[in-house]
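# Examining the three-dimensional arrangement
So the chains spell out like this:
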Amino acid sequence: MTEVALAPDSAPRPPAVILQLLEKLGVSCTVRLEHAALPAERRVQAALLDDAVGALLVLFPQDQLLDLNRLAELTGRKLAAVKPERLERMLAKHSLGLLPGLPPLTSSPCLYDERLLRVDSLLIESGTPGVLLEIASDSYKNILLAKASAARFGEPVASIKLNLDRPDDDRAEITQAVQAFTARRIQQRLEETIEIPPLPETAQKIIKLRVDPDATVDDITGVVETDPALAAQVVSWAASPYYAAPGKIRSVEDAIVRVLGFDLVINLALGLALGKTLSLPKDHPQQTTPYWQQAIYSAAVIEGLTRAMPRAQRPEAGLTYLAGLLHNFGYLVLAHVFPPHFSLICRHLEVNPHLPAGYIEQHLLGISREQIGAWLMRFWDMPEELATALRFQHDPDYDGAHSAYPNLVCLAVSLLRNRGIGSGPQSEIPQALFERLGISRDKAEDALNKVLQAEVALRELAAQFNHPH
């Protein structure tokens, strides 16, 4: 008789179909509630992949990165994550919210990384978010993996070094990565420089105004109006329901004086001018938040968080807004510098949702979007605060120079991610991050909620940019 140890009645439960399946197979399990302390090596990550041959269920421990190149060498197949619609249909058929690592549930063949079985018991997604099934490894292997094949195809996350503390080496690492990938391109010479477009003329003018203490509304109006597309964007920004301006916005000057203010417009215009420098890539990971939507949400949340900080601690508000707008700029740079390999990054992001993007980029390229984005900010002589914000945005413990900027980006991105906006795994936000910024959790959640309440208006703003150029 199968034993199922359930949590108290008030706790979330596994779907009935899963419990019935385990009972039918004679597999005993204990129900566990999700929490951060559960070791990744015991967590089973399931990925449903397919190609022209058909579907394949792949299982591996969460302390590994699924390497599609190794999988291709093993199977002779070019596998990628199934389309989200297909996965959703399959899960809906069984009333599941997540894909459990239970091969008998699908009719697909299964391949698992043999290192899954190095522990005594495994934790498997039950199909209900936040609820796991603990199953003895012997039982999992002998019953649930009875028809599956074993191999080694994962890359241990511990072997992937994230360069969080060596910004001085970024240029050398980026150049090395460019050369290494360029060397693999047949019929092309080895390039010794990173092919990055020059800073746009409009952006150069705006940067000069940013540091000019005597700059006026007329000055920024004149610069913005020389770029008709930028002028139209600033006016539509001010006229959007998000700012709820009374009356019609008739000009750039009207947008600045009546609604947005000098500081916001100068940083908004700079962010938009830089954003137009690099095209949005045509390829992108499935189920990802569109680039400009993520950028605008992050900037809006950071705007609220900055206001929530104690006045004496507040950094420059316009610059924190700009950091939010450009925080993911390295994503565009990666697509520009490594076009043949960007699709490979996208496919790996799809099959490794349990890992931050930095591990995948470091594994495939030897650098991360944060490194290359920060390097470009310095290359373009942008404010050091901005380069620091991009470089250390995923380090909640960063307390070096200009720490408020990366700390605010880190907090905003984490808050949004935990509400399903953005990419990467959800995680508990350390209390120390709130304390360093002088913001309580409640105030941070309030700032987030105000932005999410204006979701429709923000999506309309993002829609202006959400297409490949």
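Note that the structure is predicted; figures quoted are calculated from it, not measured.

### With respect to the packing of helix H18 (residues 404-417) against helix H20 (residues 441-453)
- With their axes 11 Å apart at the nearest point, H18 and H20 run at an angle of 60° to one another. Handedness of the H18/H20 crossing: right-handed. The residues of H20 that touch H18, namely those facing Leu411, Leu415 and Leu416, are Ala444, Glu445, Leu448 and Leu452.
- When grouped by side-chain class, the residues that make up the contact of H18 with H20 number six nonpolar, no polar and one charged.

### Re the environment of Gly222
- Structurally, the position occupied by Gly222 is in helix H7 (residues 217-225).
- C-alpha separation for the pair Gly222 and Glu253, spaced 31 residues apart in sequence, amounts to 9.1 Å.

### Some thoughts on the confidence of the model for the chain
- On average, residues of the chain score 84 in pLDDT, and 89% of them are at 70 or above.
- Taken as a whole, residues 182-193 scores under 50 in pLDDT and shows 12 contacts with residues more than four places along the chain or in a different chain.

### Examining the packing of aromatic side chains
- What the rule picks out here adds up to six aromatic pairs.
- Between Tyr291 and Trp292, the ring centres sit 5.4 Å apart and the planes meet at 90°, which makes this aromatic pair edge-to-face. For the pair Tyr291 and Trp292, a shared accessibility class is recorded, and that class is buried.
- Measuring from ring centre to ring centre gives 5.2 Å for Tyr331 and Phe342, while their planes differ by 70°; the resulting arrangement is edge-to-face. With Tyr331 in helix H13 (residues 329-337) and Phe342 in helix H14 (residues 339-351), this pair connects stretches of sequence that are 11 residues apart.
- Using a relative accessible area of 5% as the deciding quantity, one classes Phe342 as buried.
- An aromatic cluster of three or more residues is present, and its members are Tyr291, Trp292, Tyr331 and Phe342.

The rules behind these values
- Residues numbered from 1 in each chain as written.
- Predicted model: local features only at pLDDT ≥ 70, side-chain atom pairs only at ≥ 80, totals over all residues.
- Heavy atoms only, no water.
- Axes fitted to C-alpha atoms, helices over the stretch in contact; angles between N-to-C directions.
- Helix = DSSP H or I, 4+ residues; strand = E, 2+ residues; numbered from the N terminus.
- Left-handed = near helix turned anticlockwise from the far one by under 90°.
- Contact = heavy atoms within 4.5 Å.
- Nonpolar A, V, L, I, M, F, W, Y, C, P; charged D, E, K, R; others polar.
- pLDDT = per-residue confidence, 0-100.
- Phe/Tyr/Trp six-rings, centres within 6.5 Å; stacked < 30°, edge-to-face > 60°.
- Buried < 20%, exposed > 50% of the residue type's maximum accessible area, 1.4 Å probe, protein only.

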